[in-house]
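Chain by chain, the residues run as shown.
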Amino acid sequence: MTETLNRRKFLRGSAVVGAAALATPAIAANHTTTLKMQAAWGGGIFLENAQSYVDRVHAMAGSSLKIDLLAVDSVVKTSQMQDAVHRGVLDAAHYVPAYWYSKSKAASLFGTGPCFGWSSQEVLGWVNYGGGQELFDELMGTLGLNVVSFFNSPMPAQPLGWFKEEIKNVSQMDGLKYRTVGLAADVLLEMGMSVVQLPGGEIQPAMKSGLIDAAEFNNPTSDRDFGMQDVSKDYHLASFHQSQEFFEVTFNKRKFEALPEELQSILKYASEAENSNFYWHNTKRYADDLQTLQNEQGVNVHRTPDDVMAAQLKAWDVVVDRIAAEDAFFAKVIESQKTYAKSVMGYLNLNQPDYKLAYNHYFG
């Protein structure tokens, strides 16, 4: 009888211990880690894109991880965002390397570098499979920055931008006061332009006041949101000044590494997933807004003349050679990019049909 009672007590005790053990993961799952992420965007389609990344993280992480997305200047100025993440004032940021490239010219090679015949899709291929991520991580170590970054959202080539008159040849570019950012500023200075670096929200007022003669930001949707059609009616598409940009999502390294591995993976793979969503979503919006600019708001849309783009490539050569001679790491990144682009674009150029030929067949 005593043995039977002891056995029953043991089984009941085992059941309690087992239930407690099973409950532990559920308790852990109810703990929510919150990350404070500031975006470089005050509104518009880029803030929507940042929110889309956050939504993907939330969908995969459930209640385990929450990202508080803050608009531009909520905590610090855009120029201070990387330092704020490094110091832990912010847990994360959503922006582009061109906004902090003053720390290293090589930063601009991760999105706003020279075009070796590739688009942003192939540059992201280089980041993931050509050694680009490793080189970026090396750069962060050299600069002593306590950050971990992922790249996503392959942007179409940025328009040359908005001008007071149609640009018919490269001679008209000489002396123009023009807004851009990143290494593109060096390139356009080499072409004889006078370059002013301004944040997005200041572009339209600067052109309206005459502080600048011409400007670019990124795409027809953002440009329309800024009201560029109210200060200019000549819009030039196609350019090599920033032909392959994408977003950088950066996290405080200590905060990131303190997360469970599965949450680290979610932050990484949500970035990868956003690549496709961005391209499908944004290209449709850009196309629709370009038609609105043309058909409803009186904008004359032009393709940038070939001699302007040829001059850009020559200016890129001068700028790249000059910086590479002074910066061994910059030269190392350029060599890695050229190796990847020569191989991948060699295949794609041989294999891809002329899509413009097919387009003109049906719609030309």
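What counts, and at which threshold
- Residues numbered from 1 in each chain as written.
- Predicted model: local features only at pLDDT ≥ 70, side-chain atom pairs only at ≥ 80, totals over all residues.
- Heavy atoms only, no water.
- Helix = DSSP H or I, 4+ residues; strand = E, 2+ residues; numbered from the N terminus.
- Buried < 20%, exposed > 50% of the residue type's maximum accessible area, 1.4 Å probe, protein only.
- Contact = heavy atoms within 4.5 Å.
- Polar contact = N/O pair within 3.5 Å; in protein donor to acceptor, adjacent residues only side chain to side chain.
- Salt bridge = Lys/Arg side-chain N within 4 Å of Asp/Glu carboxyl O.
- Pairing = 2+ DSSP bridges.
- Axes fitted to C-alpha atoms, helices over the stretch in contact; angles between N-to-C directions.
- Parallel < 35°, antiparallel > 145°, perpendicular 65-115°, else oblique.
- Nonpolar A, V, L, I, M, F, W, Y, C, P; charged D, E, K, R; others polar.

**So, the overall build of the chain**
Then, number 1: Helix and strand counts for the chain stand at 13 helices and 11 strands.
Then, number 2: Seen through its principal axes, the chain has C-alpha atoms that stretch 105 × 50 × 45 Å.
Then, number 3: Sorting the 364 residues of the chain into buried and exposed places 48% on the buried side.
Then, number 4: Expressed as a percentage of contacts within the chain between residues at least 6 apart in sequence, the contacts between residues at least 24 apart total 79%.

**A closer look at the environment of Tyr 286**
Then, number 1: Mapping Tyr 286 onto the fold places it in helix 10 (residues 261-295).
Then, number 2: Here Tyr 286 falls in the buried class, since its relative accessible area comes to 6%.
Then, number 3: For the pair Tyr 286 and Ser 222, spaced 64 residues apart in sequence, the C-alpha separation works out to 8.6 Å.
Then, number 4: Setting aside residues no more than four positions away along its own chain, Tyr 286 makes contact with Ile 45, Phe 46, Pro 156, Asn 218, Asn 219, Pro 220, Thr 221 and Phe 278.

**Observations concerning helix 13 (residues 355-363)**
Then, number 1: By the criterion of burial, helix 13 is predominantly exposed, with just zero of the nine residues buried.
Then, number 2: N-capping of helix 13 is provided by Asp 354, with a side-chain oxygen placed 3.1 Å from the backbone N of Lys 356.

**A word on the side chain of Arg 179**
Then, number 1: Here Arg 179 shows up in strand 6 (residues 177-179).
Then, number 2: In this structure Arg 179 comes out as buried when scored by relative accessible area, which is 1%.
Then, number 3: Side-chain polar atoms of Arg 179 contact the backbone oxygen of Leu 198, separated by 2.8 Å.
Then, number 4: Within the structure, Arg 179 has its side chain in polar contact with the backbone oxygen of Glu 216 (distance 2.8 Å).
Then, number 5: When near neighbours in sequence (up to four residues on either side) are disregarded, Arg 179 contacts Val 196, Leu 198, Pro 199, Gly 200, Ile 203, Ile 212, Ala 214, Ala 215, Glu 216 and Phe 217.

**Description of the pattern of salt bridges**
Then, number 1: For the structure on display, the rule yields 11 salt bridges.
Then, number 2: One salt bridge in this structure joins Lys 164 and Asp 213, with 3.7 Å as the shortest N-O distance. Of this pair, Lys 164 sits in the loop between strand 5 (161-163) and strand 6 while Asp 213 sits in the loop between helix 7 (203-209) and strand 8 (214-215), placing them 49 residues apart in sequence.
Then, number 3: With relative accessibility at 54%, the residue Lys 164 sits in the exposed group.
Then, number 4: Residues Asp 288 and Lys 284 are paired through a salt bridge, measuring 2.7 Å at the closest nitrogen-oxygen approach. Linking Asp 288 with Lys 284, this pair stays in helix 10, spanning four residues, or about one helical turn.

**Side note on the sheet that holds strand 10 (residues 247-252)**
Then, number 1: Read across the sheet, five strands follow the order 2-1-3-10-4 without closing on themselves; strand pairing throughout is mixed. Pairing within the sheet leaves two strands with one partner each, and these edge strands are strand 2 (65-70) and strand 4 (147-152). Taking the axes of each pair of neighbouring strands and ignoring which way they run, one obtains an average angle of 20 degrees across the sheet.

**Concerning helix 4 (residues 120-129)**
Then, number 1: Burial of helix 4 is extensive: seven of the 10 residues sit out of reach of the surface.
Then, number 2: Looking at the packing, one finds that the buried side of helix 4 touches helix 5 (132-143), strand 4, helix 10 and helix 12 (328-351).
Then, number 3: Remark: Gly 131 follows helix 4 within two positions and exhibits a positive phi of approximately 95 degrees.

**Digging into the environment of Ala 238**
Then, number 1: Here Ala 238 lies in the loop between strand 9 (234-237) and strand 10.
Then, number 2: The exposure class assigned to Ala 238 is buried, which follows from its relative accessible area of 16%.
Then, number 3: For the pair Ala 238 and Arg 303, spaced 65 residues apart in sequence, the C-alpha separation works out to 6.1 Å.
Then, number 4: Setting aside anything within four residues of it in sequence, one finds Ala 238 in contact with Gln 158, Pro 159, Leu 160, Arg 303, Thr 304 and Met 309.

**Concerning the packing of helix 11 (residues 306-326) against helix 12**
Then, number 1: Interhelical geometry of helix 11 versus helix 12 gives an angle of 130 degrees and a closest axis separation of 5 Å. If you check the angle between helix 11 and helix 12, you find them oblique. For the pair helix 11 and helix 12, the contacting residues are Val 320, Ile 323, Ala 324 and Glu 326 in the first and Ala 328, Phe 330, Ala 331 and Ile 334 in the second.
Then, number 2: A per-class count over the contact of helix 11 with helix 12 returns seven nonpolar, no polar and one charged.

Note that every value here comes from positions in space, so none of it alone points to a role or purpose.
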